[in-house]
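Coordinate inspection notes
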Amino acid sequence: MNTVSSETSVSLIFFTVSETCFSKKYSAPVVYASSSAIYGNLPLGHDEINKFSILSPLHSNSFSFNKRIFSMGLEKKYCSTRGIGMSVLDLAKDRKKTLNKILSIGKAAINKDGADVLILGCMSMAFHDIAPVIQKKLKVPVINPVKASLLTAEALVKMNIFHSKITYPKPLSKKIY
């Protein structure tokens, strides 16, 4: 879990695994980086043909992305998950090498898979702030999940909208004896 404090004095909590228990505990919006990035791509292409691919450090991550996308009902908009074959630790070692690998798989996602939007599928990739470079070189929108989730949470707070207390009721207080 990573926490970032926004200017609105509300904590934004990024989760990568089983988030639902946290939605019950916190009164601030709990925003999932993957959901914000995936839903955030939808208005960026033509409604009928907009398709997205996820760029991930490892190809083995595709199963969990596939499962997530099918659970969101977006399988018709989903092209692929492509791994660059680098561990999260290796991403930070050589920015140029990392960027070249991401550009290479990004081109494949566009040309072979039909993607017109790319999503960085790892928060470690997102923290390198390479989305603008990829977007400029490949000429398609590239979504940074960290920025997408932060701005989603900020928008929810500004609109005074929080998660459903029906779906995520506050747990009963436990007495400590």
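Residues numbered from 1 in each chain as written. Predicted model: local features only at pLDDT ≥ 70, side-chain atom pairs only at ≥ 80, totals over all residues. Heavy atoms only, no water.

Re the pairing of strand β4 (residues 78-83)
Inclusion rule: Two strands make a pair as long as DSSP finds a minimum of two bridges between them. Here a helix means four or more residues in a row that DSSP labels H or I, a strand means two or more in a row labelled E, and each is numbered from the N terminus. By definition, the crossover connecting two strands over a helix is right-handed if that path, from the first strand to the second, turns clockwise as seen with the strands pointing away from the viewer.
Judged from the five bridges that link them, strand β3 (residues 52-56) and β4 form a sheet pairing that is parallel. Note that in β4 the partner of Ser56 across the bridge is Gly83. In this fold, the crossover linking β3 to β4 by way of helix α3 (residues 62-71) has right-handed handedness.

Considerations on the confidence of the model for the protein
In low-pLDDT segments, the atomic positions of the prediction should not be examined closely. Definition in use: Note on scores: pLDDT gives the predictor's confidence for each residue, bounded by 0 and 100. Note on contacts: a residue pair qualifies if any of its non-hydrogen atoms lie within 4.5 Å across the two residues.
For the protein, the mean per-residue pLDDT works out to 76, and 75% of the residues sit at or above 70. The least confident element of the protein is strand β1 (residues 2-5), whose mean pLDDT is 40; the most confident is helix α7 (residues 131-138), at 94. The low-confidence segment residues 1-21, where pLDDT is below 50, has 42 contacts with residues more than four positions distant or belonging to other chains.

Things to note about the nonpolar core
How we decide: Side-chain atoms within 4.5 Å are what join buried Ala, Val, Leu, Ile, Met, Phe, Trp, Tyr and Cys residues into a set we call a nonpolar core. Relative accessible area decides the class of each residue, using a 1.4 Å probe on protein chains only: under 20% of the type maximum gives buried, over 50% gives exposed, and in between gives partly exposed.
Judged by nonpolar contacts, the single largest core of 21 residues is most densely connected at Leu118, Met125 and Ile134. Going through the elements one at a time, α5 (95-111), β5 (117-120) and α7 are the ones with two or more residues in this core. The element contributing the most residues to this core is α5, with six residues. Sequence-distant contacts of Ile134, defined by excluding residues within four places in its chain, comprise Leu99, Ile102, Leu103, Leu118, Leu120, Lys139 and Val142. Residues Ala37, Ile38, Ile119 and Ile143 belong to the second largest nonpolar core, which totals 13 residues.

Here we look at a positive patch on the surface
In plain terms, the rule: What makes a patch is a set of residues exposed beyond 30% relative accessible area and free of salt bridges, joined within 9 Å when like-charged and within 5 Å when nonpolar (Val, Leu, Ile, Met, Phe, Trp, Tyr). A 1.4 Å probe and the Shrake-Rupley method give the accessible areas. Residues count as covered only by the protein chains that appear here. Note on definitions: salt bridges are taken to be side-chain nitrogens of Lys or Arg within 4 Å of carboxyl oxygens of Asp or Glu. Just so you know, the count uses Lys and Arg for positive and Asp and Glu for negative, and it drops His and the chain ends. Taken as the charge location is NZ of Lys, CZ of Arg, CG of Asp or CD of Glu.
Together, Lys107, Lys136, Lys137 and Lys139 line one region of the surface with positive charge. Take Lys136: it is sitting in helix α7.

Regarding the pattern of salt bridges
By the definition in use, this model includes three salt bridges. Here Glu154 ties to Lys158 by a salt bridge, and the two come within 3.3 Å at their closest N and O atoms. Residue Glu154 and its partner Lys158 are located together in helix α8 (residues 145-158), separated by four residues, close to a single helical turn. The exposure class assigned to Lys158 is exposed, which follows from its relative accessible area of 61%.

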